Amino acid sequence: MSKTNIYYVLLKRLRVPLITLILIYAVSMVGFVLIPGRDNEGNVWMMSYFHAFYFVSYMASTIGFGEIPYAFTDAQRMWTTVTIYASVIGWLYSIGSLLSVIQDPAIYRLRLESKFRTKIKLLHEPFYLVCGYGDTSARLVQALGQEGIRTVVLDKDEHRINELELRDPLWGRPLGLAADASKPAILEVAGVLNIYCKGVIALTDSDQANLLIALSTELFKPHLRLIARAESPEVVSSISSFGGNEVISPFELFAERLELVLTKPSHYLLSEWLTGIPNQTLLDPSFPKAGAWILIGYGRFGRAVYRRLHAAGIAVQVIDQHTDLQDTPSNSLIGYQANLESLQLAGIDSAVGLIAATSDDATNLSILMTARELRPELFMVARQNQQDNSPIFERAHFQLTMNRGNVLAQKVFSLLRTPLTRDFLRLAQDENKAWVDQLLSRIIGITQDKLPYLWETKLTPRYSPAVYSACAAGQRVSLKYVIANPSQRQQTLPIIPLLLKRVDTLLLMPDGETLLQPGDRILMCAPHEAYEQMQWATQNQKVLHYLLTGEEWVSSTLLRRLLSSR
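Residues numbered from 1 in each chain as written. Predicted model: local features only at pLDDT ≥ 70, side-chain atom pairs only at ≥ 80, totals over all residues. Heavy atoms only, no water.

1. A short note on the overall build of the protein chain
Within the protein chain, the secondary structure is distributed over 24 helices and 18 strands. Taken over C-alpha atoms, the radius of gyration comes to 35 Å for the protein chain, far larger than the 24 Å a tight globule of 566 residues would show. With respect to the three principal axes, the spread of C-alpha positions in the protein chain is 115 × 90 × 40 Å. Taken across its 566 residues, the protein chain has 46% of its residues classed as buried. Long-range pairs, those at least 24 residues apart, make up 67% of the contacts in the protein chain between residues at least 6 apart in sequence. (Helix = DSSP H or I, 4+ residues; strand = E, 2+ residues; numbered from the N terminus. Rg over C-alpha atoms; globule rule 2.2 N^0.38 Å. Buried < 20%, exposed > 50% of the residue type's maximum accessible area, 1.4 Å probe, protein only. Contact = heavy atoms within 4.5 Å.)

2. A closer look at a nonpolar patch on the surface
On the surface, a cluster of nonpolar side chains totalling about 300 Å² of accessible area is made up of Leu11, Leu18 and Ile22. With respect to the helices and strands, the residue Leu18 is situated in helix H2 (residues 15-34). (Patch = residues over 30% accessible without salt bridge, like charges linked within 9 Å, V, L, I, M, F, W, Y side chains within 5 Å. Areas by Shrake-Rupley, 256 points an atom, 1.4 Å probe, with all protein chains shown as cover. Salt bridge = Lys/Arg side-chain N within 4 Å of Asp/Glu carboxyl O.)

3. Here we look at the side chain of Thr418
Considering the arrangement of structural elements, one finds Thr418 in the loop between helix H17 (404-417) and helix H18 (420-428). Judged by relative accessible area, which is 2%, Thr418 ranks as buried. Polar side-chain contacts of Thr418 include one of 2.7 Å to the side chain of Thr421. Sequence-distant contacts of Thr418, that is, excluding residues within four places in its chain, are made with Phe413, Leu454, Trp455, Glu456 and Leu523. (Polar contact = N/O pair within 3.5 Å; in protein donor to acceptor, adjacent residues only side chain to side chain.)

4. Quick look at the sheet that holds strand S18 (residues 521-526)
Pairing is antiparallel across the open sheet formed by four strands, whose spatial order is S15-S18-S16-S17. At either end of the open sheet lies a strand with only one pairing partner, and these are strand S15 (453-458) and strand S17 (505-508). Adjacent strand axes in the sheet meet at a mean angle of 15°, parallel and antiparallel pairs treated alike. Seen against the sheet, helix H19 (residues 433-447) touches strand S16 (496-502), S17 and S18 and runs at an angle of roughly 115° to S16. (Pairing = 2+ DSSP bridges. Axes fitted to C-alpha atoms, helices over the stretch in contact; angles between N-to-C directions.)

5. Notes on the sheet that holds strand S12 (residues 353-356)
Taken in spatial order, the six strands of this open sheet run S11-S10-S9-S12-S13-S14, and their pairing is parallel. Sheet topology places strand S11 (333-334) and strand S14 (400-403) at the edges, where each strand pairs with a single neighbour. Summarising the sheet, strand S9 (residues 293-296) and S12 pair through four bridges and their orientation is parallel. Across the sheet, Leu295 pairs through a bridge with Ile355, a residue of S12. Across the sheet, helix H11 (residues 250-263) touches S9, S12, strand S13 (379-384) and S14, and the angle it forms with S14 is around 165°.

6. Let's talk about the pairing of S14
Two faces make up the sheet, and in a regular strand the side chains alternate between them. Summarising the sheet, S13 and S14 pair through four bridges and their orientation is parallel. Counterpart to Arg383 in the pairing with S14 is Met402.

7. Side note on the state of the cysteines
Throughout the structure, instances matching the rule amount to zero disulfides. Cys131 takes part in no disulfide bond, and the closest cysteine sulfur to it belongs to Cys197, at a distance of 9.1 Å. You can call Cys131 buried: its relative accessible area is 0%. (Disulfide = S-S within 2.5 Å.)

8. Here's the deal with the pairing of strand S5 (residues 175-178)
Only one face of S5 is buried, namely the one carrying Leu175 and Leu177, since none of Gly176 and Ala178 on the opposite face is buried. Looking at chain direction, strand S4 (residues 150-155) and S5 are connected through four bridges and run parallel. Considered in S5, the bridge of Asp155 is made with Ala178.

9. A short note on unusual backbone geometry
The phi angle at His223 is positive, at roughly 75°, despite the residue not being glycine. Note that His223 resides in the loop between helix H9 (207-220) and strand S7 (225-229). Judged by its relative accessible area of 77%, His223 is exposed.

10. Quick notes on H17
In an α-helix, one turn spans 3.6 residues; hence positions three or four apart end up facing the same way. The terminal C-alpha atoms of H17, which comprises 14 residues, lie 20 Å apart, in line with the 20 Å expected from a rise of 1.5 Å per residue. Among the 14 residues of H17, eleven are classified as buried, and the element is accordingly described as predominantly covered. Considered for burial, the residues of H17 that qualify are Gly405, Val407, Leu408, Ala409, Gln410, Val412, Phe413, Ser414, Leu415, Leu416 and Arg417. Between the side-chain oxygen at the start of H17 and the backbone nitrogen of Gly405 there is a gap of 2.9 Å, and the oxygen is on Asn403. (Expected span 1.5 Å × (residues − 1).)

Below you can see the structure in the form of structure tokens.
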């Protein structure tokens, strides 16, 4: 991005009209100075440069006319007539040139860039730099905005950036610029070096662009958090090979989710509830029976799904119309169209589920609707490629729909907002079904029909000053006091502590007797109302004192000492 001053560019583009206008004014003034006039007594009077400048100024700008300080002679009036036409033509030429320059696309972009650069310099609050503003980024930016997290957006498509102006101002409008985020200079101007930049999220539709963004971020600001989207295994490996980058492949991510649906449905449900956007309505889960599956399409998504299901010991019959595919399973139907004939050859009569994984939405919808006519009880998984087709996919009511935008936004949102969620789900995978079902029942008991609200309580002076001060002073603060009702300490708020992280130690489902220490991080699950109530205990010393002792806080230091000495 050029750092050229916009005013310098404007003056450079307008130099000819300005010089023309100056020359017209100068020649007009010289003429009035040289042409003799007459005073009221008939004596010769020569106009001064000041009077000439004054007269030409209000005459050329069409403010009005007057002959000062004396009536003009015919020669002066003739020269006035000439200068009127000359100045009007000069002004028309100058104004026309100015309008042309202002409407020039290059000048318009320079104005936006200059304005954007100024706003970034004035930004003094934590923010994430989001590169690419597609379906995924739109959902992510909205979800982060609802949590009060600021974002700065870059995208090459100017129309997408203009969509930011249509966002609901209630959640705040992120700063946006239409520019190529893969260029290092763009990242620099967008604030990657700003001390308030908490991380970079590379979500463009190009793996190569995301790789360049990751490289630039690492060289600009090592150890800055970076989350990148990548579909190619080679690019995933490249981005993961340096720094502490987190790479998300939407195909691998959805294939992992599908494997959980088939092998550990309770674990899948727990993962969906804890990584979803808070306050969304809980949907009734639907799980397939054990048996064989049919997979339509063996591209990158189809391969990821096949690898997961095959590794889990699930029989999968592959159908693909392309004949040049490599490494296909031995029993695949290669070169077959996705139609009724191929479904029958693949054994749809005995299958329990069908996965439409091609890159064409019409093909996926068509084959699933055909299969529904044959076997309405089939478990159907659809891949949705275009966001515009969401209305028809929603009306089709498939059991599972793979929408890359939703899958990625949900994953990135969870990583940014509650990083401990990933650690908790990893530990929960080792627990049995009964343990997970019991936790699901507890979550339903406190949230009713809404997805739970997750947050991390950090025992630091900034986030939990009251609890941190008490722990640092040597007081024994148990977890049960932090989640107690601020107005009735005998009652516990509807909060489920999921995970406690202390240095490198992880404690799954800590109980109320767990003693807290400075620096602890606790993953909490509750309705949003309970989160707001708990802030009183973590941030207000008087409230915490009441919860710990059952006594009201005494403000006077002297009085506290007298009471404690009794």
